[in-house]
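Per-entry structural report
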Amino acid sequence: MKNRIWTLLLLAFAWACSSEKTTETKVPEVVVKPYPTFSADSAYAFIEKQVSFGPRVPGTTGHANTKAWIINQLESWNWSVQTQDFQAKTYDGLTWDLSNIIASYNPQATKRILLAAHWDTRRIADKDTERIDEPIDGANDGGSGVGVLMEIARVIGSGDLKPDVGIDIILFDGEDDGEPETARVRDNSQVWWCLGSQHWSQNKHTPNYSAYYGILVDLVGAKGARFYREGYSRRYASGILKKVWDHASKLGHSAFFINQDSPEILDDHLFVNEYAQIPMIDIIEFSPQYGFGHYHHTHQDNLDLIDKKPLQAVGETVLFTVFQE
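Below or above, wherever it landed, is the structure these notes cover.

Next up on the list: the pattern of salt bridges. Evaluation of the coordinates by the stated rule reveals 17 salt bridges. A salt bridge links Lys243 to Glu325; its shortest N-O distance comes to 2.7 Å. Here Lys243 is found in helix α6 (residues 231-250), whereas its partner Glu325 is found in the segment after α8 (308-323), with 82 residues between them in sequence. Relative accessible area serves as the criterion here: at 23%, Lys243 is assigned to the partly exposed category.

Written out as structure tokens, the structure reads:
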């Protein structure tokens, strides 16, 4: 009986000590670093400006004028800008002169974050029922991603708050010229989409360049846009994907960043992951149920399609993520 009493006393003492330790243990607070304000109005204005040049199809005046404007804007915000000019074959045997635009902030920093979009537009409206052979405005497909990243570049380059890491923004060219939707015979000898990211990923602008991770933004400005956890992003960069979606929730944007999986999408991030060996996610509107939006590769992809709410959700989330590093 005495042994039993001593055992109970010892257990009670151990429980009391354990309780005291539990009470004294403090959960470390998550410190949110300050970050600048993202302006959806400004991002929209950058989209509007791109559309004003006309379709940004390689080899056209609209393409050349847009390139000059982008470079001038980035340099005015104190970013170091260079172009990666190269030639590439198209699915129908043309040779295109293409140009990836690369802007760097804090180039001396060893820890770097890569942000990307594509700045060209599609030369045909192959999902439309009229004017199929005419190029599209690409307000969302191309324009929205560039608009978001230019606003991020503006607030970082011109504002007082600066991130602790280096940042590289790459605007890929020649992303949107894959074979037509209606093509009956296809040349599978190579991938005809994402020409700029394919080239850069195998010929980086800086030898041995690497980044901690990358974020691609594509189709991020349409009315009703929702962003799901894309397949290649889950495969190659699941930790980054979770981080960004958690940040979106923290900022109150969970209505846009949906915790649901979507299929793998052929986009620029695939080649950055596979060829450049940099884990990159894709923030893109692609529904698991319906795929791309009704406007995709049609003339409905114009300024009337653009909504500032998804621009704000995506832009603020990406900017916040960069400033937490």
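Aromatic ring pairs are reported here in terms of the distance separating the ring centres and the angle at which the planes meet. In this structure the tally under the stated criterion is 13 aromatic pairs. Ring centres of Phe46 and Trp69 lie 6.2 Å apart, and the angle between their planes is 55 degrees; on these two criteria the pair is classed as tilted. Of this pair, Phe46 sits in helix α2 (residues 40-52) while Trp69 is found in helix α3 (residues 61-76), placing the two residues 23 residues apart along the sequence. Trp69 shares its class with Phe46; the two are buried. A network of ring pairs unites the aromatic residues Phe46, Phe53, Trp69 and Trp77 as a single cluster.

Bringing the packing of α2 against α8 into the picture now. Where α2 contacts α8, the two axes come as close as 9 Å, and the packing angle between them is 110 degrees. By the angle class used here, α2 and α8 are roughly perpendicular. The chirality of how α2 crosses α8 is right-handed. Along the contact surface, α2 presents Ala40, Asp41, Ala43, Tyr44 and Ile47, while α8 presents Lys308, Leu311 and Gln312. Residues belonging to the contact of α2 with α8 are distributed by class as follows: five nonpolar, one polar and two charged.

Turning our eyes to something else, we now look at the nonpolar core. Counting 58 residues, the largest nonpolar core has Trp79, Leu115, Phe257 and Ile283 as its most contacted members. Top element by residues in this core is helix α4 (residues 143-158). It accounts for eight residues. Those residues in contact with Ile283, other than ones at most four positions away along the chain, are Ile215, Leu216, Val217, Asp218, Val220, Phe227, Val244, Trp245, Phe257, Val314 and Val318. Formed by 13 residues, the second largest nonpolar core is a distinct cluster that contains Ile102, Ile170, Ile278 and Met280.

About the cut-offs
- Residues numbered from 1 in each chain as written.
- Predicted model: local features only at pLDDT ≥ 70, side-chain atom pairs only at ≥ 80, totals over all residues.
- Heavy atoms only, no water.
- Salt bridge = Lys/Arg side-chain N within 4 Å of Asp/Glu carboxyl O.
- Helix = DSSP H or I, 4+ residues; strand = E, 2+ residues; numbered from the N terminus.
- Buried < 20%, exposed > 50% of the residue type's maximum accessible area, 1.4 Å probe, protein only.
- Phe/Tyr/Trp six-rings, centres within 6.5 Å; stacked < 30°, edge-to-face > 60°.
- Axes fitted to C-alpha atoms, helices over the stretch in contact; angles between N-to-C directions.
- Parallel < 35°, antiparallel > 145°, perpendicular 65-115°, else oblique.
- Left-handed = near helix turned anticlockwise from the far one by under 90°.
- Contact = heavy atoms within 4.5 Å.
- Nonpolar A, V, L, I, M, F, W, Y, C, P; charged D, E, K, R; others polar.
- Core = buried A, V, L, I, M, F, W, Y, C linked by side-chain atoms within 4.5 Å.

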